[in-house]
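A closer look at the structure
Single-letter residue listing:
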2 protein chains.
Amino acid sequence: MADIITAVAPVNIAVIKYWGKRDEELILPLNDSLSATLDTNIMYAKTSVCARPDFATDEIWLNGKKESFESERLKNCLISIKKKAAAEKSVNNDFLSWKIRVCSENNFPTAAGLASSAAGYACLVTALAKLYKVNSDVSAIARLGSGSACRSIYGGFVQWCAGVDPQGVDSFATQIVDSSHWPEMRVLILVVADHKKKTSSTDGMKISVQTSELLKHRVQHIVPKRIDEIIDAIYDKNFSKFAEITMKDSNQFHAVCMDSYPPFSYLTDVSHTIIQLIHSYNKACGEVKVAYTFDAGPNACLYMLQSEVFVVISLLKHIFPSSNPEFVTGLTFIPEVPLSTEILQAIDIEPQATDLIKYVIHTKIGDGPSILSDGLHLLNEKGEPINIH
Amino acid sequence: MADIITAVAPVNIAVIKYWGKRDEELILPLNDSLSATLDTNIMYAKTSVCARPDFATDEIWLNGKKESFESERLKNCLISIKKKAAAEKSVNNDFLSWKIRVCSENNFPTAAGLASSAAGYACLVTALAKLYKVNSDVSAIARLGSGSACRSIYGGFVQWCAGVDPQGVDSFATQIVDSSHWPEMRVLILVVADHKKKTSSTDGMKISVQTSELLKHRVQHIVPKRIDEIIDAIYDKNFSKFAEITMKDSNQFHAVCMDSYPPFSYLTDVSHTIIQLIHSYNKACGEVKVAYTFDAGPNACLYMLQSEVFVVISLLKHIFPSSNPEFVTGLTFIPEVPLSTEILQAIDIEPQATDLIKYVIHTKIGDGPSILSDGLHLLNEKGEPINIH
């Protein structure tokens, strides 16, 4: 079984958003973005790969379902890793000619809209790099699968530099600080019930690039300054500065969606209530204690320090009553200072209908992808997928 | 009763939005705006005023309720009209020193969020101008009551020129075309059920001016071009061009709200469904047939030509089922080409829950304020308000 390689890779949540490509095929972004990598003990993609001379074709299974290998993005990743291996002469040409099998799954629902493709491609590229013994940076290859996947190649806080090269040789991810830099940072992911038909982020970006005047302004004049400022805030562990930039950048991304033509909105009434709640809570605290950020969907991702987790969860349970006995999953937390009636009064938002938030994932900043040595592969010794539905 | 003056004035709906003041007191805007004036036969504010030597103080009743006259905006309007009358020597000084009574009402619910203050101040200023025999333009005085009120001083399509003078002498409204220019134009106002706590437009503008980078960009680089383009579209009666600019400008205004800090959103899930519906309908028609625009609330205002009214109302009834037997009020309309199943299939939006739209007002472009000669005043011969609740 030594020829089966299995990797796990993390989800990342951007605080400076990636929105808009300058090259659709090479997935080159218009602007730098910056994210936190989340702990793979809570959420991960897991991928097993193997190459054998007797495989007739490349095959892939995703979340228990056979999928076509004819995706351009998937093929680009495989070709690029093989090219790199050939250039580095890390494996022999016979091995490079063998067909491969890939089996991948996430431990969180894909439908939750939690950037599963970023974790998935980071994991695939990590496993392939190990298979073909590629040692150099593979974030630019993960980028070919899904832009933001390049940021899941590193732990801690990670910047994706847009670069200027037309071929994208300078468009890769770099680590700003590792996961040990700001150990108190916690993340709550609020999975919001949603029935809306959504514009895919690929389609949404195209529409914004073609039609939004505000996106041009954002890319040229706003993001560069914000990247510098948030890196300083991270270095200095200045939470309120970090939080303010994070919220403003999320808001501006959603403003750009609205300024696109036709416009689209990923935020629902529930998302907007969460936004109001966080601003009201911060105001009641007299200090910015919590930040929200939203990607291409209604789910909120809240950043806060460990000391706030208990009171914020109490607040969420109060304002968004739930019938789910496992409303909060993930890391355990210690009940600390309870929610005060003063804060609740100052917030002045009425409890909402039941189950508008389906569940909450409690997690923290974590490390980049890793190769599993426990032998718990997703392919059996014959190279066949395990756990097929 | 000759000394009681009664005016009616119209609502106006902006197609290029006013958002942001450069002077809070003088209500001077950051950018030009442009609106259509709606028919006073359907929606109006009505105001009676009189001045008598025996009145002890200035008094005002709004929608059947006594209100304080101590509003700066109200006092500014009265003082400015009196100054103009004194400068023009249109009445004698005795008359100018008499206290006044004002009684005003709207024939549509204020709570519907339909720019009632614009119609109200346009009406007040028109009645006062008649009372004090002021003949020159009073739109700059209406502006002191509520910025967009200046646009309700004229009929048809009206531009509010921002001007550059610090005292605002060049910040007034001018008529682009009168109500007869584009007689086929129709307006549907969709009153959306709403329970959200709202940021007032005065507060919202302040937050946007202080915090939104995108607003600066909009004011400097986008609005001037759009004003020129939409005036051309109106002159040429080019509906699809008019509609596209109208929708884009509404979207950009709401994008600016989202880009403000803290952000606020006037649009609800229902508003967003209406936006999707109009874009889908236009796409299904292969031509831009309907435009939406939204002010500081969730209600949609749809512009279309008369020939579209029947099918659009049918579509609204299908997608937004209503238990209201008087779902559509206002102008009557003739059932024409029915809604085709092809269009419904192409639209691909499921019927929504019942009563998300409370009712629809069907109206058209109309004239500016007028003085009533029918003697149906809101003050009786003693100068006391009639119909006090």
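Residues numbered from 1 in each chain as written. Chains lettered and ligands numbered in written order. Predicted model: local features only at pLDDT ≥ 70, side-chain atom pairs only at ≥ 80, totals over all residues. Heavy atoms only, no water.

**Re the overall build of chain A**
Each helix and strand counted, chain A has 10 helices and 17 strands in total. Computed over its C-alpha atoms, the radius of gyration of chain A comes to 21 Å, within 12% of the 21 Å expected for a compact globule of 389 residues. Long-range contacts, defined as pairs at least 24 residues apart, comprise 79% of the intrachain contacts of chain A with a sequence gap of at least 6. As displayed, chain A offers around 15800 Å² of accessible surface, 51% of which is attributable to carbon and sulfur atoms. Taken together, the 37 basic and 44 acidic charged side chains of chain A have centroids lying 4 Å from each other. (Helix = DSSP H or I, 4+ residues; strand = E, 2+ residues; numbered from the N terminus. Rg over C-alpha atoms; globule rule 2.2 N^0.38 Å. Contact = heavy atoms within 4.5 Å. Areas by Shrake-Rupley, 256 points an atom, 1.4 Å probe, with all protein chains shown as cover. Lys, Arg positive; Asp, Glu negative; His and termini not counted. Charge placed at Lys NZ, Arg CZ, Asp CG, Glu CD.)

**Details of helix α3 (residues 116–131) of chain A**
A rise of 1.5 Å per residue sets the reference length of α3(A), with its 16 residues, at 22 Å; its end C-alpha atoms lie 22 Å apart and thus fit the reference within 8%. Within two residues after α3(A), Lys133(A) carries a phi angle of roughly 55°, on the positive side. (Expected span 1.5 Å × (residues − 1).)

**Examining the sheet that holds strand β2 (residues 12–16) of chain B**
Residues and elements named next belong to chain B. Within the open sheet, the 4 strands sit side by side as β2-β5-β10-β11. Their pairing is antiparallel. Bordering the open sheet on either side are β2 and β11 (173–177), each of which pairs with just one other strand. Direction aside, neighbouring strands of the sheet carry axes that sit 35° apart on average. Note: strand β5 (residues 33–37) against strand β10 (residues 157–160), 4 bridges, orientation antiparallel. Within β10, the position partnered with Ser35 by the bridge is Val158. (Pairing = 2+ DSSP bridges. Axes fitted to C-alpha atoms, helices over the stretch in contact; angles between N-to-C directions.)

**A word on the relation of the copies chain B and chain A**
Of the two same-sequence chains, chain B is brought onto chain A (RMSD 0.0 Å, axial shift 0.0 Å) by a rotation of 180°. What the rotation and shift describe, once combined, is the action of a two-fold rotation axis. The C-alpha atom lying nearest the rotation axis in chain B is that of Ala255(B); the distance is 2.0 Å. Both copies present the same face, since 100% of the interface residues in chain B are matched by interface residues at the equivalent positions in chain A. (Least-squares fit on C-alpha atoms with pLDDT ≥ 70 in both.)

**Observations concerning the packing of helix α7 (residues 239–259) of chain A against helix α7 (residues 239–259) of chain B**
In contact at an axis separation of 8 Å, α7(A) and α7(B) are set at 175° when each is read in the N-to-C sense. Classified by the interaxial angle, the pair formed by α7(A) and α7(B) is roughly antiparallel. Across the interface between the two elements, Asn251(A), Gln252(A), His254(A), Ala255(A), Met258(A) and Asp259(A) of α7(A) pack against Asn251(B), Gln252(B), His254(B), Ala255(B), Met258(B) and Asp259(B) of α7(B). Per-class residue counts for the contact of α7(A) with α7(B) are 4 nonpolar, 6 polar and 2 charged. (Parallel < 35°, antiparallel > 145°, perpendicular 65-115°, else oblique. Nonpolar A, V, L, I, M, F, W, Y, C, P; charged D, E, K, R; others polar.)

**Considering the packing of aromatic side chains**
All names here are of chain B. The full count for this structure, using the stated rule, is 32 aromatic pairs over all chains. Between Phe95 and Tyr132 the ring centres are 5.6 Å apart and the planes differ by 70°, which places this aromatic pair in the edge-to-face class. Here Phe95 is found in helix α2 (residues 93–97), whereas its partner Tyr132 is found in the loop between α3 (116–131) and α4 (139–145), with 37 residues between them in sequence. Note on Phe95: relative accessible area 16%, which makes it buried. Look at Phe157 and Phe242: their rings are 5.7 Å apart centre to centre, the planes differ by 80°, and that puts the pair in the edge-to-face class. You can see Phe157 sitting in strand β10 and its partner Phe242 sitting in helix α7, a full 85 residues away along the chain. (Phe/Tyr/Trp six-rings, centres within 6.5 Å; stacked < 30°, edge-to-face > 60°. Buried < 20%, exposed > 50% of the residue type's maximum accessible area, 1.4 Å probe, protein only.)

**Focus on the domain arrangement of chain A**
Residue and element names in this part refer to chain A. Domain boundaries assigned for chain A yield domain 1 (5–179) and domain 2 (185–364). The distance between the C-alpha centroids of domain 1 and domain 2 comes to 26 Å. Counting residues at the interface gives 30 residues for domain 1, matched by 45 residues for domain 2. Approximately 3000 Å² of surface area, both sides summed, lies buried where domain 1 meets domain 2, with 73% of it carried by carbon and sulfur atoms. Area buried by domain 1 at its contact with domain 2 is led by Ile16, Lys17 and Trp19, which between them contribute 28% of it. Inspection of the region where domain 1 meets domain 2 yields 2 salt bridges. At the junction of domain 1 with domain 2, the criterion picks out 7 residue pairs in polar contact (both at pLDDT 80 or more). Contributions of two or more residues to the side of domain 1 that touches domain 2 are made by β2 (12–16), β5 (33–37), β10 (157–160) and β11 (173–177). Counted by class, the side of domain 1 that touches domain 2 contains 18 nonpolar, 6 polar and 6 charged residues. (Domains from an automatic or database assignment. Buried area = accessible area lost by both parts, 1.4 Å probe. Salt bridge = Lys/Arg side-chain N within 4 Å of Asp/Glu carboxyl O. Polar contact = N/O pair within 3.5 Å; in protein donor to acceptor, adjacent residues only side chain to side chain.)

**So, the packing of helix α1 (residues 72–88) of chain B against α3(B)**
All names here are of chain B. Between α1 and α3, whose axes approach to 10 Å, the crossing angle comes to 30°. On the basis of their axis angle, the class for α1 and α3 is roughly parallel. Viewed along their axes, α1 and α3 form a crossing whose handedness is right-handed. Taking contact as the criterion, the partners of Arg73, Leu74, Cys77, Leu78 and Ile81 in α1 are, on α3, Tyr121, Leu124, Val125, Leu128 and Ala129. Taken together, the residues of the contact of α1 with α3 sort by class into 9 nonpolar, no polar and 1 charged. (Left-handed = near helix turned anticlockwise from the far one by under 90°.)

**Regarding the pairing of strand β13 (residues 290–294) of chain B**
Residue and element names in this part refer to chain B. Of all 5 residues that make up β13, 5 are buried, and the element is covered over most of its length. Of the two faces of β13, the one holding Val290, Tyr292 and Phe294 and the one holding Ala291 and Thr293 are both buried throughout. Where β13 lies against strand β14 (residues 300–305), 5 bridges are found, and the strand directions are antiparallel. Note on β14: the bridge partner recorded for Val290 is Met304. From the end of β13 to the start of β14, which pair antiparallel, there are 5 residues.

**Some thoughts on the pattern of salt bridges**
Any two side chains of opposite charge can pair, on the condition that their charged atoms come close. All told, the structure shown has 28 salt bridges over all chains when counted by the stated rule. The shortest N-O distance in the salt bridge between Glu72(A) and Lys75(A) comes to 3.8 Å. A residue pair is termed a helical-turn pair when its members lie 3 or 4 positions apart in one helix, as Glu72(A) and Lys75(A) do in helix α1 (residues 72–88) at 3 residues. Given a relative accessible area of 52%, Glu72(A) falls into the exposed group. Lys75(A) sits in the partly exposed class, given a relative accessible area of 25%. A salt bridge links Asp249(B) to Arg226(B), with the nearest nitrogen and oxygen atoms 2.9 Å apart. Linking Asp249(B) in helix α7 with Arg226(B) in helix α6 (residues 213–235), this pair joins segments that are 23 residues apart in sequence. For Arg226(B), a relative accessible area of 10% translates into the label buried. One continuous salt-bridge network, built from bridges that share partners, spans Glu59(A), Lys66(A) and Arg101(A).

**Brief notes about the side chain of Ser148(A)**
Residue and element names in this part refer to chain A. As for its placement among the helices and strands, Ser148 is situated in the loop between α4 (139–145) and β10. In this structure Ser148 comes out as buried when scored by relative accessible area, which is 16%. Residues in contact with Ser148, not counting those within four places in the same chain, are Asn12, Tyr18, Ala118 and Trp160.

**Some thoughts on the sheet that holds strand β17 (residues 370–371) of chain B**
All names here are of chain B. With mixed pairing, 6 strands are arranged side by side in an open sheet as β8-β7-β9-β6-β1-β17. The open sheet has two edge strands, β8 (65–67) and β17, and neither has a second partner. Where α3 meets the sheet, its contacts fall on β1 (5–9), β6 (45–52), β9 (99–106) and β17, and the angle it forms with β6 comes to roughly 35°.

**A closer look at a negative patch on the surface**
On the surface, Asp228(A), Glu229(A), Asp232(A) and Asp236(A) cluster together into a negatively charged patch. For Asp228(A), the location among the structural elements is in helix α6 (residues 213–235). (Patch = residues over 30% accessible without salt bridge, like charges linked within 9 Å, V, L, I, M, F, W, Y side chains within 5 Å.)

**A closer look at the interface of chain B and chain A**
If you look at the interface, chain B gives 29 residues, while chain A gives 29 residues. With both chains or domains summed, chain B and chain A bury close to 2700 Å², and 60% of this area falls on carbon and sulfur atoms. It is Leu214(B), Met258(B) and Tyr261(B) in chain B that bury the most area against chain A; as a group they hold 25% of the surface buried on that side. In this assembly, chain B and chain A are joined by 2 salt bridges. Connecting chain B to chain A are 4 residue pairs in polar contact (both at pLDDT 80 or more). Among the elements of the structure, α6, α7 and α8 (269–285) of chain B are those that each provide at least two residues to the side of chain B that touches chain A. With 9 residues, the top contributor of residues to the side of chain B that touches chain A is α7(B). Taken together, the residues that form the side of chain B that touches chain A break down as 11 nonpolar, 10 polar and 8 charged.

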